[in-house]
Amino acid sequence: MGRTGRKRKSKKLSGEDGLYKVVRDTETIELMQWLTRNGWKKEVTLYPTEFSTTGRGLMTKTALKKGDILVKIPFHLLITAHTVCKSEIYDYLDKNVKYDGHEILAFYLVWERHLNKDSFWYPYINTLPQQLSTPLFWSKEPVNLPKFISEEIEGSRNSMKESHNHFLNHIVCKQKVCDHCKLALDEIFNEKDFIWAWCIVNTRAIYIPPEKDLHNISNSLALAPFLDLFNHVPSAQVEAMLIPTENSYQVKTLVPVSKYDQVFIEYGAHSNLKLLIDYGFTVPNNQHDAIALSLDDIYEVIKQVAQVSRVNMSQEKYKFLKQHNLMKKPCLTREGLCWKAMSIVFILTSEITNIKLLESKVYSSLYTPDEINAINTVGAILVQNKIDEFKKHVALFVPTEDDQNAVLAYLKECLDLLSECLEKCK
Ligand SMILES: C[S@@+](CC[C@H](N)C(=O)[O-])C[C@H]1O[C@@H](n2cnc3c(N)ncnc32)[C@H](O)[C@@H]1O
């Protein structure tokens, strides 16, 4: 979240999104002036505002109609791989190597941030949060972080480290001293600053169609000043696109928004686990959420309820599950067992050995009442086991800093999802 200094006094107001306060700090005012000086025009009156529910976001001062353009950012105010290729720092990269859009933007951001007021982007960079709430920014480990979450964080940390090493390995003349600060390039591109930039790109970049003529960069990302102040809700309905004839990137609302409400966009169909790891927050009742199951979870429960159903795993059935990709990501959702989980339970409990018949049942989902009963019996125990597991996680988890409370919020959301799922198995 933006923790910039020198706040001016401003009134606290309240609305749909709880308490809010329009941000009127010097940095934000300078950002708006810089955008205007460089050809940006307001489409509607959106104000950077601090909301008690989400932190800084954008509030509309007027009622918005369906189809209103929320924001239009001229191309030349987007930071893209093209911007990087035109910069002096690009000369110091080995051009025989491939770079991806995420890492090249992070690399550029580290450079421009270090230039401070000498950077064209200074008014933008100056409003970026210095401290992020994402797990890569935690300074202390929480106590009893569930293993599946720590594995995801590890994955994210490894990608960031890989990108950083990739760059360090391909900066030609690392010892070159910068004219601006007299530091060597490998000191400027230190891991701490790279983590910040990598997370800024991860949490704020937008997708654009891949730019042409960038033979060594796979690129479809851009940083978009001001536009990146929109917060996310899964239910937001907006349309975002490049408008080549107007040399701009625009976002349009597909629904009306009331005066003084926060205007949201949707970052993608992200689960709460993805939001937690990549963005450092979760949303309530996220329809994209699911709790992962393993084949072992399902197998164990079927063994437990052997009096209800027997485990009927033959070589052919195993081959069938594999061939049809059914073991990949079975899960529990608010709607009950997902189709893959239902199919596995059915296949492992059914007496049917004819694979063709199993296939037609699984793909049509035309089960008899007894078969549904058997699936639900196993399903309810599977869900209850997960509820017990997540209750333990909640009881044992101890945050050691504020941002880690997002983990608790996530685990509680999982428990809500599981209780809805249990209802569907009854
Ligand atoms: C693109 S930025 C949005 C602007 C950002 N809030 C700011 O102050 O600069 C994405 C970050 O905003 C925050 N965010 C976005 N949507 C949110 C939400 N619904 N609830 C809480 N935080 C949210 C998260 O910290 C996320 O990493």
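See the structure shown above.
Thresholds applied
- Per chain, the residues get numbers from 1 upward, laid out in the order the sequence is written.
- pLDDT decides what is reported in this predicted model: residues at 70 or higher carry local features, side-chain atom pairs at 80 or more are listed and counted, and totals for whole chains, interfaces and linings draw on all residues regardless.
- The side-chain values count all of the structure's non-hydrogen atoms but skip hydrogen atoms and water molecules.
- A run of H or I in DSSP becomes a helix once it reaches four residues, and a run of E becomes a strand once it reaches two; helices and strands are each numbered from the N terminus.
- For each residue, the accessible area found with a 1.4 Å probe, counting protein chains only, is set against the maximum for its type, and the residue is called buried under 20%, exposed over 50%, and partly exposed in between.
- Under this definition, polar contacts are N or O atom pairs within 3.5 Å; protein pairs additionally need one hydrogen-donor-capable and one acceptor-capable atom, and for neighbouring residues in sequence, both atoms have to be side-chain atoms.
- In what follows, residue pairs with any heavy atoms lying within 4.5 Å of each other are defined as contacts.
- Near is defined per residue: the residue qualifies when any heavy atom it owns lies within 4 Å of the molecule or strand.
- Here the nonpolar group is Ala, Val, Leu, Ile, Met, Phe, Trp, Tyr, Cys and Pro; Asp, Glu, Lys and Arg are the charged ones; every other residue, Gly included, is treated as polar.

Caption draft 1: Looking closely at the side chain of Asp-278. With respect to the helices and strands, Asp-278 occurs in helix α8 (residues 272-279). Residue classification places Asp-278 among the buried residues on the basis of a relative accessible area of 14%. One polar contact links Asp-278 to Lys-274, side chain to side chain, over a distance of 2.7 Å. Not counting the four nearest positions on each side in its chain, Asp-278 is found in contact with Thr-134, Asn-202 and Thr-203.

Caption draft 2: Region of interest: the environment of Ser-314. Along the chain, Ser-314 turns up in the loop between α9 (295-304) and α10 (315-323). With a relative accessible area of 27%, Ser-314 lands in the partly exposed category. With 36 residues separating them in the primary sequence, Ser-314 and Ser-350 have C-alpha atoms 11 Å apart. In terms of polar contacts, Ser-314 uses its side chain to reach the backbone amide nitrogen of Lys-317, at 3.1 Å.

Caption draft 3: Fine view of the site of the ligand. Taken together, 15 residues lie around the ligand, and Arg-56, Arg-204, Asn-231, His-232 and Tyr-279 are the ones closest in. At 2.8 Å, a backbone N or O of Arg-56 approaches a nitrogen atom of the ligand. At 2.8 Å from a nitrogen atom of the ligand is found a main-chain nitrogen or oxygen belonging to His-232. Of all the secondary structure elements, the ones that give two or more residues to the shell around the ligand are α7 (191-204) and β10 (231-232). Of the residues that constitute the shell around the ligand, the class distribution is 6 nonpolar, 6 polar and 3 charged.

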